[in-house]
Amino acid sequence: MVPIIKFEDVSFTYANAQRPALQNINLTINQGDWVAVIGHNGSGKSTFAKLINYLLVPSTGNITVAGVPVDMEHVNEVRDLVGMVFQNPDNQFVGATVADDVAFGLENRQVPRSEMLKIVPEALERVGMEQYASREPARLSGGQKQRVAIASVLAIEPKILILDEATSMLDPKGRREMIALVRELKASLGDDLTVLSITHDIDEAAQADQVVVINDGELVEVNAPEVVFANAQTLTDLGLAVPFAEQLKAKLAERGIAVPNTYQTTEGMVDWIWQLYSKK
Ligand SMILES: Nc1ncnc2c1ncn2[C@@H]1O[C@H](COP(=O)(O)OP(=O)(O)OP(=O)(O)O)[C@@H](O)[C@H]1O
Ligand SMILES: [Mg+2]
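Residues numbered from 1 in each chain as written. Chains lettered and ligands numbered in written order. Predicted model: local features only at pLDDT ≥ 70, side-chain atom pairs only at ≥ 80, totals over all residues. Heavy atoms only, no water.

Engineer: Can you help me understand helix α1 (residues 45-52) in this one?
Structural biologist: Since the α-helix packs 3.6 residues into each turn, any two residues three or four apart lie on the same face. Most of α1 is tucked away: six of the eight residues are buried. Three or more residues of α1 are buried, namely Lys45, Thr47, Phe48, Ala49, Leu51 and Ile52. Looking one or two residues past α1, Tyr54 carries a phi angle of roughly 65 degrees, positive in sign. (Buried < 20%, exposed > 50% of the residue type's maximum accessible area, 1.4 Å probe, protein only. Helix = DSSP H or I, 4+ residues; strand = E, 2+ residues; numbered from the N terminus.)

Structure, rendered in structure tokens:
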């Protein structure tokens, strides 16, 4: 396993803030992993993300991405490695058309026009938006806008894709489609892409390889989703939602039914119930 993001004793305090937004964070994320970051509102998730591409500078401690120190001297290199997509797609568009928007980051990096003409359609194709190249970004649906935002980031071939609540403004279908898209990208790019997804959507987090739990600026847990989500009490104590399947299991257990003691997805739970039912 190759470390791609490394936090060493990182703390961060906003100017004029009473207390640090993040405190003594030590964390290594491995290349190719899909990592979900969860925590209640104001726990420090976005601060964590912004430190990774030097939108914020640690008060103390060190961060590296792919071995490159995240500091003033390496900021351009770091931003080529880390692409970020935010919650509100409308704030991310700079181009008059979808294609212009995807080309923008390439222009900034002085990529020759002949290469741009290849890269832009490829990036749009990756997110299934190739037919929308000449459309106006403002007139797309929320889910389509987020796809374009991802294409713009993919065009610069980042090693790390950070999604900061990038699905939160989407309807359930749009959300499922975005998660499916991330899955597809992971499947085709493999270890070349590390995904860090900050989310309040428990079902999205449950599909990640690792879940990072942040609470009041501190790192509480880093574990596989089945481990994190099996502990309903801890989640509740941290003000986090308990996955539907876990809630259901708890209710069934209250009625004296022997339930699986490992984490189940909703689909896993449906299968289990069918089996139980068919045994009766
Ligand atoms: N620009 C800022 N100046 C001062 N304090 C800030 C600033 N941005 C965030 N904070 C504070 O830092 C803490 C962490 O904020 P952050 O945005 O990282 O939380 P979050 O986990 O992303 O929350 P959410 O789930 O609501 O997006 C909060 O207490 C917040 O009020
Ligand atoms: Mg946030």
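Once you've had a look at it, read on.
Engineer: Teacher, can you tell me more about a nonpolar patch on the surface here?
Structural biologist: Judged by side-chain polarity, Val270, Trp274 and Tyr277 come together as a nonpolar surface patch covering roughly 390 Å² of accessible area. Among the structural elements, Trp274 can be located in helix α11 (residues 266-279). Accessibility expressed as a relative area gives 57% for Trp274, which makes it exposed. (Patch = residues over 30% accessible without salt bridge, like charges linked within 9 Å, V, L, I, M, F, W, Y side chains within 5 Å. Areas by Shrake-Rupley, 256 points an atom, 1.4 Å probe, with all protein chains shown as cover. Salt bridge = Lys/Arg side-chain N within 4 Å of Asp/Glu carboxyl O.)

Engineer: I tried to follow the site of ligand 1 on my own but got confused; where do I start?
Structural biologist: Every residue lining ligand 1 is accounted for by Tyr14, Ala21, His40, Asn41, Gly42, Ser43, Gly44, Lys45, Ser46, Thr47, Glu165 and His200. A distance of 3.3 Å separates an oxygen atom of ligand 1 from a polar atom in the side chain of Glu165. In the complex, the protein chains occlude 57% of the 630 Å² of accessible area that ligand 1 would expose alone. The class makeup of the residues in the shell around ligand 1 is two nonpolar, eight polar and two charged. (Near = heavy atom within 4 Å. Polar contact = N/O pair within 3.5 Å; in protein donor to acceptor, adjacent residues only side chain to side chain. Nonpolar A, V, L, I, M, F, W, Y, C, P; charged D, E, K, R; others polar.)

Engineer: Can you walk me through the packing of aromatic side chains in this structure?
Structural biologist: Each aromatic ring pair is specified by the distance between its two centres and by the angle formed by the two planes. Under the defined criterion, the tally for this structure stands at three aromatic pairs. Geometrically, the ring pair formed by Phe7 and Phe48 is tilted, given 4.8 Å between the ring centres and 35 degrees between the ring planes. One end of the pair, Phe7, is in strand β1 (residues 3-12); the other, Phe48, is in helix α1, with 41 residues separating them in the sequence. Overall, Phe7 belongs to the buried group, its relative accessible area being 2%. Given the relative accessible area of 1%, Phe48 is considered buried. The interplanar angle of 90 degrees and the centroid separation of 4.7 Å between the aromatic rings of Phe12 and Tyr14 together place this pair among those described as edge-to-face. Classification of Phe12 by relative accessible area gives buried; the value is 6%. (Phe/Tyr/Trp six-rings, centres within 6.5 Å; stacked < 30°, edge-to-face > 60°.)

Engineer: When you look at the sheet that holds strand β8 (residues 194-198) in this model, what are you seeing that I'm missing?
Structural biologist: Strand pairing in a sheet takes place through backbone hydrogen bonds and is either antiparallel or parallel in direction. Pairing within the open sheet is mixed, and its six strands lie in the order β6-β7-β8-β3-β9-β10. If you trace the sheet from one side to the other, it starts and ends with β6 (82-85) and β10 (218-223), each paired once. Strand-to-strand twist of the sheet, defined as the mean angle between neighbouring strand axes without regard to direction, takes the value 20 degrees. By the bridge criterion, four bridges tie strand β3 (residues 34-38) to β8 in an arrangement that is parallel. What sits directly across from Ala36, in β8, is Ser197. Contacts from α1 reach β3, β6, β7 (160-164), β8 and β9 (210-215), with the element oriented near 150 degrees to β8. The strands touched by helix α5 (residues 142-154) within the sheet are β6 and β7, with β6 carrying the most contacts at an inclination of about 170 degrees. (Pairing = 2+ DSSP bridges. Axes fitted to C-alpha atoms, helices over the stretch in contact; angles between N-to-C directions. Contact = heavy atoms within 4.5 Å.)

Engineer: Can you walk me through the pattern of salt bridges in this structure?
Structural biologist: Side chains that carry opposite charge are capable of pairing whenever their charged atoms lie near each other. Applying the stated criterion across every chain, the model contains four salt bridges. Where Arg109 meets Asp80, a salt bridge forms, and the shortest distance between an N and an O atom there is 2.3 Å. Here Arg109, found in the loop between α3 (98-108) and α4 (113-126), pairs with Asp80, found in helix α2 (residues 75-81); they are 29 residues apart in sequence, far enough to count as distant. Among the salt bridges present, the one from Glu136 reaches Arg139, with a minimum N-O distance of 3.4 Å. The exposure class of Arg139 is exposed, given its relative accessible area of 63%.

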